[in-house]
Amino acid sequence: MFGFSDETYIEVASGKGGDGCVSFRREKFAPKGGPDGGDGGKGGDVVFVVRDNLRTLGHLKMVRSFKAGNGRPGQGARCYGRAGDDVEIPVPPGTVIKDPETGEVIKDLTGEDRWTFLHGGKGGLGNWHFRSSVRQTPRFAQPGEPGVEMRIGVELLVIADIGFVGFPNAGKSSLLNLLTNARSKVAGYPFTTKIPQLGAMRYGDQDLILADIPGIIEGAGQGAGMGIKFLRHISRTKALAFLIDLSDERFLDSYEILCGELASYAPSLLEKPQVMIASKLDEDGAPERFEALKAKYKDREVHPLSIYMDETVEDVRSAFIKVVSQSGLKDDDGLGGFTTRVDKDAEYRDEY
Ligand SMILES: Nc1nc2c(ncn2[C@@H]2O[C@H](COP(=O)(O)OP(=O)(O)OP(=O)(O)O)[C@@H](O)[C@H]2O)c(=O)[nH]1
Ligand SMILES: [Mg+2]
């Protein structure tokens with residue numbers, strides 16, 4: 001297990017078929033014309049459409065109900081009723097549809113483009129179909145078939161592109177909220193974030209996924225603070241962003257302390273590309289501290305950041321896009337084209 005599971009429930013309904021029509025031909029010279037009621041239209045289908053540019057299920061948490069249109073009733077002169085519109089539900093690649101009660105997988109959409117989940121009800125036959133030599137005036141028609149309504153679970157495993165690493169209170173959640181649609185809790189005390197949070201940063205027509213994890217303190221590898229077990233959530237990210245708090249006395253040593261804790265979890269974490277960020281540039285004395293930090297790490301780029309200075313936020317955004325583009329937006333772990341996987345074991349959910 002190495003990512004975040006995104007999960008939600010939605011209500012879906014296919015359209016009802018339109019009723020068949022009871023009608024008789026009425027013409028000037030045929031006052032008692034035969035039956036001519038047309039058929040009702042078919043109800044709309046519920047269709048899942050896989051969109052490569054989506055990476056989370058966030059959009060399904062805002063609109064939760066998807067209802068296809070009903071078929072229109074048939075009309076006189078053997079006219080068919082119009083078919084109901086299909087409803088399309090956009091989902092990211094790797095989405096799985098589940099039974100919300102049993103958790104049973106109804107459909108794994110990996111590798112699919114479109115999948116019709118529920119068909120709309122058939123339209124009813126008009127009375128024209130029911131004429132016969134012995135029944136010349138059928139005064140009935142068939143009703144349309146009902147649609148199907150269901151509540152379903154939608155699940156996706158998301159592997160973030162960039163994981164945030166920093167001491168508690170360094171400003172990780174503040175940055176996540178500024179760059180993405182996430183609303184991670186921000187407060188001026190340590191360990192505000194207790195559960196890893198994801199946010200999607202729009203970049204062209206792609207989503208870049210940023211992961212905010214709980215703060216790490218010295219000794220976290222031995223269980224201090226929140227420990228480091230949540231590091232596995234970022235063990236498969238493409239890059240790491242280190243947030244070094246310029247208002248923290250230890251600003252010159254923070255990076256080494258953080259690296260030490262990461263290494264105690266998995267030395268391979270340190271092989272990932274990194275973005276080094278010096279946060280809270282607006283605090284008293286921070287610009288001087290930033291200069292000292294830059295001097296210490298003169299061989300690499302250090303990005304100054306203040307959440308109150310838009311240009312620094314933009315600079316960090318560009319650095320994120322650059323580091324992810326360089327490592328390729330698509331997953332290269334041999335598991336397939338995308339960095340989304342189905343969460344089959346869901347082990348982490350019990351832990352928080
Ligand atoms: N002055 C200043 N304060 C900031 C900046 N960024 C964040 N803060 C403040 O720092 C405090 C901590 O911010 P968070 O975003 O919650 O920090 P965090 O790293 O997510 O903290 P944990 O979840 O506890 O690990 C909050 O009071 C923020 O308002 C900044 O650029 N400048
Ligand atoms: Mg936080």
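Counting starts from 1 at the beginning of each chain's written sequence and moves along it residue by residue. For naming, the first written chain is A and the first written ligand is 1, with later ones following in the order written. Only residues with pLDDT of 70 or above have their local features reported here, since the model is predicted, and side-chain atom pairs are shown and tallied only from 80 upward, although totals for entire chains, interfaces and linings are computed over all residues.

Undergrad: It is not clear to me how the overall build of the protein chain should be interpreted in this structure. Could you clarify?
TA: Helix and strand definitions follow DSSP, with helices as H or I runs of at least four residues and strands as E runs of at least two, each counted in order from the N terminus. When you go through the protein chain residue by residue, the secondary structure sums to four helices and 15 strands. Computation of the radius of gyration draws on C-alpha atoms, with the globule rule given as 2.2 Å multiplied by the number of residues to the power 0.38. Against the compact-globule benchmark of 20 Å for 352 residues, the protein chain has a radius of gyration of 29 Å, which places it well outside the compact range. In terms of its C-alpha atoms, the protein chain occupies a principal-axis envelope of roughly 100 × 40 × 35 Å.

Undergrad: Looking at this structure, I do not really get the site of ligand 1. What am I missing?
TA: Taken together, 23 residues sit near ligand 1, with Gly171, Ser173, Gly188, Thr193 and Gly215 positioned nearest. Note on residue categories: nonpolar means Ala, Val, Leu, Ile, Met, Phe, Trp, Tyr, Cys or Pro, charged means Asp, Glu, Lys or Arg, and polar means any other residue, Gly included. In terms of residue class, the shell around ligand 1 is built from eight nonpolar, 11 polar and four charged. Any residue qualifies as near a molecule or strand once its backbone-derived C-beta atom lies within 6 Å of it.

Undergrad: For this particular structure, what's the right way to read the nonpolar core?
TA: Within soluble globular proteins, side chains that are nonpolar generally end up buried alongside one another. Residues enter a nonpolar core if they are buried, belong to Ala, Val, Leu, Ile, Met, Phe, Trp, Tyr or Cys, and are joined to the set through C-beta atoms within 7 Å. For the exposure call, what matters is how many other C-beta atoms sit within 10 Å of a residue's own: 20 or more marks it buried, 12 or fewer exposed, and in between partly exposed, using C-beta atoms placed from the backbone. If you look at the biggest cluster of nonpolar residues, it comprises 52 residues, and the most contacted ones within it are Ala160, Ile162, Leu210, Ala211, Ala241, Phe242 and Ile277. For this core, the leading source of residues is strand 12 (residues 239-245), giving six residues. Note that the domain bounds reflect an automated or database-derived domain assignment. Of the domains in this structure, domain 1 (1-159) and domain 2 (162-328) are the two that each give at least three residues to this core. Counting residues in hydrophobic clusters, the runner-up holds 18 residues, among them Leu54, Val87, Leu118 and Ile152.

Undergrad: Which parts of the structure should I look at to understand unusual backbone geometry?
TA: Excluding glycine, a negative phi dihedral is what most residues carry, and trans is how most peptide bonds are arranged. Even without a glycine there, the phi angle at Arg78 is positive, about 60 degrees. Among the secondary structure elements, Arg78 is positioned in the loop between strand 3 (65-67) and strand 4 (87-91).

Undergrad: How do you make sense of the sheet that holds strand 10 (residues 197-203) when you look at a structure like this?
TA: In space, the six strands of this open sheet follow the order 10-11-9-12-13-14, with mixed pairing throughout. Two strands close off the open sheet at either side, each with one partner strand: strand 10 and strand 14 (302-305). The mean inter-strand angle of the sheet, taken between neighbouring strand axes irrespective of direction, is 30 degrees. Any two residues are considered in contact once their C-beta atoms, placed from the backbone, lie within 7 Å. Orientation is described by axes fitted as lines to C-alpha atoms, over the contacting stretch for helices, and by angles from 0 to 180 degrees between their N-to-C directions. Strands in contact with helix 3 (residues 286-296) are strand 12, strand 13 (274-279) and strand 14; relative to strand 14, the strand with the most contacts, it is inclined by about 170 degrees. Here, any two strands with at least 2 DSSP bridges between them count as paired.

Undergrad: I tried to follow the domain arrangement of the protein chain on my own but got confused; where do I start?
TA: Often, the extent of an interface is quoted as the loss of accessible area on bringing the components together. Along its sequence, the protein chain is organised into domain 1 (1-159) and domain 2 (162-328). Computed from C-alpha atoms alone, the centre-to-centre distance between domain 1 and domain 2 is 47 Å. Contacts between the two partners involve 10 residues from domain 1 and, on the opposite side, 14 residues from domain 2. The residue makeup of the side of domain 1 that touches domain 2, split by class, is five nonpolar, four polar and one charged.

Undergrad: Is there a simple way to think about the environment of Ile244 in this case?
TA: For Ile244, the location among the structural elements is in strand 12. We classify Ile244 as buried; it has 28 C-beta atoms within 10 Å. Once the C-alpha coordinates of Ile244 and Gly166 are considered, the two residues, 78 residues apart in sequence, prove to be 6.4 Å apart. When neighbours within four sequence positions are excluded, Ile244 is seen to be in contact with Phe251, Ser254, Tyr255, Met276, Ile277, Ala278, Ser279 and Leu293.

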